[in-house]
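A look at the structure
Take a look at the letters that make up each chain.
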Amino acid sequence: KQEVTQIPAALSVPEGENLVLNCSFTDSAIYNLQWFRQDPGKGLTSLLLIQSSQREQTSGRLNASLDKSSGRSTLYIAASQPGDSATYLCAVYSSASKIIFGSGTRLSIRP
Amino acid sequence: SQTIHQWPATLVQPVGSPLSLECTVEGTSNPNLYWYRQAAGRGLQLLFYSVGIGQISSEVPQNLSASRPQDRQFILSSKKLLLSDSGFYLCAWSVQEANEQFFGPGTRLTVL
């Protein structure tokens with residue numbers, strides 16, 4: 001059974017710092033992995049999708065990596081800004097139709 | 001461009017009352033559609049998904065049901081709500097299975 005873990009549950013850093021969010025999964029046989037952000041009381045915004053054949057994806061200040069053999073993905077945020085404050089969720093597609101979410105990392109960027 | 005709508009945005013219902021939440025997608029044809037629930041302090045749980053009109057797959061046994069009467073319309077229903085049905089309900093769509101999913105704004109349901 002696929003399990004997805006995100007540690008830490010919460011993180012607070014000063015503005016301008018580079019930071020890394022972690023996501024680990026127990027079954028390396030995945031289709032894709034997707035990172036989302038969720039603002040309080042809102043839906044999910046897709047940030048990056050990494051296909052199983054890829055090792056990383058980049059969008060602006062965001063870079064996501066995938067290491068299937070070790071069951072890990074990281075989301076790197078460069079030059080953090082207060083607007084980056086949100087909960088970040090990773091989701092693993094463990095089959096064509098089943099997606100398992102981590103419980104998220106609540107990120108707070110201090111001005 | 002594609003957009004996804006959900007309504008209502010918030011809903012407060014008494015225990016035992018019926019429920020109908022609606023999700024519609026614009027700008028695409030034959031999308032895969034999904035219903036998720038996010039309970040307070042817990043992660044997202046996939047409830048139902050649909051690959052076409054009238055085709056519904058349930059991920060977990062529960063007090064809820066889903067229907068897809070039209071290509072871009074997905075409805076979540078219940079005949080009698082339970083307290084445990086409270087939560088944040090999210091609809092999502094994707095072009096194909098295991099492809100990038102896009103989420104709607106959600107419906108916050110409180111059952112009293």
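Here, every reference points to the structure presented above.
It should be emphasised that the depicted structure is a prediction, and the values quoted were computed from it without experimental measurement. (Residues numbered from 1 in each chain as written. Chains lettered and ligands numbered in written order. Predicted model: local features only at pLDDT ≥ 70, side-chain atom pairs only at ≥ 80, totals over all residues. Heavy atoms only, no water.)

**Quick look at the overall build of chain A**
Our working definition: Every helix listed is a DSSP run of H or I at least four residues long, and every strand listed is a run of E at least two residues long, numbered separately from the N terminus. Contacts are assigned to residue pairs that have any heavy atoms within 4.5 Å of one another. Using the Shrake-Rupley algorithm and a 1.4 Å probe, accessible areas are obtained, with residue cover drawn only from the displayed protein chains. The convention is simple: Lys and Arg are positive, Asp and Glu are negative, and His and the chain ends are not counted. A single reference atom marks each charge: NZ on Lys, CZ on Arg, CG on Asp, CD on Glu.
From N to C terminus, chain A includes zero helices and 11 strands. Projected onto its principal axes, the C-alpha positions of chain A cover 40 × 25 × 20 Å. At a minimum sequence separation of 6, the contacts of chain A that also span at least 24 residues come to 54%. Accessible area of chain A: about 5100 Å², with a carbon and sulfur share of 47%. Across chain A, the 10 positively charged side chains and the 8 negatively charged ones have centroids separated by 5 Å.

**Re the interface of chain A and chain B**
To be explicit about the condition: Simply put, the buried area is the total loss of 1.4 Å probe accessible area from both parts when two parts are fitted together. By convention in these notes, a salt bridge is any Lys or Arg side-chain nitrogen within 4 Å of a carboxyl oxygen on Asp or Glu. Lys, Arg, Asp and Glu make up the charged group, whereas Ala, Val, Leu, Ile, Met, Phe, Trp, Tyr, Cys and Pro make up the nonpolar group; the residues left over, Gly among them, are polar.
Contacts between the two partners involve 19 residues from chain A, matched on the other side by 17 residues from chain B. Here chain A packs against chain B, burying approximately 1500 Å² in sum over the two surfaces, 56% of which is carbon and sulfur. Linking chain A with chain B are zero salt bridges, by the criterion used here. Only strand S4 (32–38), strand S5 (44–51), strand S9 (86–93) and strand S10 (99–101) of chain A provide two or more residues apiece to the side of chain A that touches chain B. Broken down by element, the side of chain A that touches chain B gets its largest block of residues, four residues, from S4 of chain A. Each residue belonging to the side of chain A that touches chain B can be placed in one class, and the counts come to nine nonpolar, eight polar and two charged.

**Side note on the state of the cysteines**
Under the convention used in this document: What counts as a disulfide here is a pair of cysteine sulfur atoms lying within 2.5 Å. Accessibility here uses a 1.4 Å probe with only protein chains present; expressed as a share of the type maximum, an area under 20% marks a residue as buried, one over 50% as exposed, and anything in between as partly exposed.
Counting across every chain of the model gives two disulfides over all chains. Between cysteine 23 of chain A and cysteine 90 of chain A runs a disulfide, and the two sulfur atoms are separated by 1.9 Å. One quick way to see it: the torsion about the S-S bond of cysteine 23 of chain A and cysteine 90 of chain A is about 65 degrees, and its sign makes the bridge right-handed. Of this pair, cysteine 23 of chain A sits in strand S3 (residues 19–25) while cysteine 90 of chain A sits in strand S9, and the two are 67 residues apart along the sequence. Taking the relative accessible area as the measure of exposure, cysteine 23 of chain A reaches 1% and is therefore buried. The residue that forms a disulfide with cysteine 23 of chain B is cysteine 91 of chain B, at a sulfur-sulfur distance of 2.0 Å. Here the S-S torsion is close to -75 degrees, and the disulfide linking cysteine 23 of chain B with cysteine 91 of chain B is therefore left-handed.

**Description of the nonpolar core**
Formally: Here, nonpolar core refers to any group of buried Ala, Val, Leu, Ile, Met, Phe, Trp, Tyr and Cys residues whose side-chain atoms link them within 4.5 Å.
Ranked by internal contacts, the top residues of the largest apolar core, which has 23 residues, are Leu33, Trp35, Leu75, Ile77 and Tyr88 of chain A. Ignoring any residue separated from it by four or fewer positions in sequence, one finds isoleucine 77 of chain A in contact with Glu17, Asn18, Leu19, Leu21, Arg61, Leu62, Asp84, Tyr88 and Leu107 of chain A. Grouped together as the second largest cluster of nonpolar side chains are 20 residues, Ile4, Val25, Leu47 and Leu64 of chain B included.

**A look at the pairing of strand S8 (residues 73–78) of chain B**
All names here are of chain B. Going by this rule: Pairing between two strands requires that DSSP report at least two bridges joining them.
Burial within S8 is extensive, with five of its six residues counted as buried. Alignment of strand S3 (residues 19–26) against S8, held across six bridges, turns out to be antiparallel. Opposite serine 20, over in S8, you have serine 77 as the bridge partner. Bridging between strand S7 (residues 65–70) and S8 involves four bridges; their strand directions are antiparallel. Residue pairing in the sheet places serine 65 in a bridge with serine 77 of S8. Taking the residues between adjacent antiparallel strands as the criterion, S7 and S8 are bridged by two residues.

**A few points about the sheet that holds S7 of chain B**
Residues and elements named next belong to chain B. Under the convention used in this document: In this analysis, axes come from line fits to C-alpha atoms, helices being fitted only over the stretch in contact, and the angle between any two N-to-C directions falls in the range 0 to 180 degrees.
Taken in spatial order, the four strands of this open sheet run S1-S3-S8-S7, and their pairing is antiparallel. Whereas interior strands pair on both sides, the edge strands pair on one side only; in this sheet they are strand S1 (3–7) and S7. Sheet twist, expressed as the mean angle between neighbouring strand axes with direction ignored, is 20 degrees. Inspection of the sheet shows S1 paired to S3 by five bridges, in the antiparallel sense. Among the inter-strand pairings, isoleucine 4 is bridged to a residue of S3, identified as valine 25.

**Looking at the sheet that holds strand S8 (residues 72–77) of chain A**
All names here are of chain A. Reading across from one edge, S1-S3-S8-S7-S6 is the order of the five strands in this open sheet, with antiparallel pairing throughout. Each having just a single partner strand, strand S1 (4–5) and strand S6 (56–59) make up the two edges of the open sheet. With four bridges joining them, S6 and strand S7 (residues 62–67) adopt antiparallel strand pairing. Paired with glutamate 56 across the bridge in S7 is serine 65.

Everything listed here is a matter of coordinates, which is why it stays silent on function.
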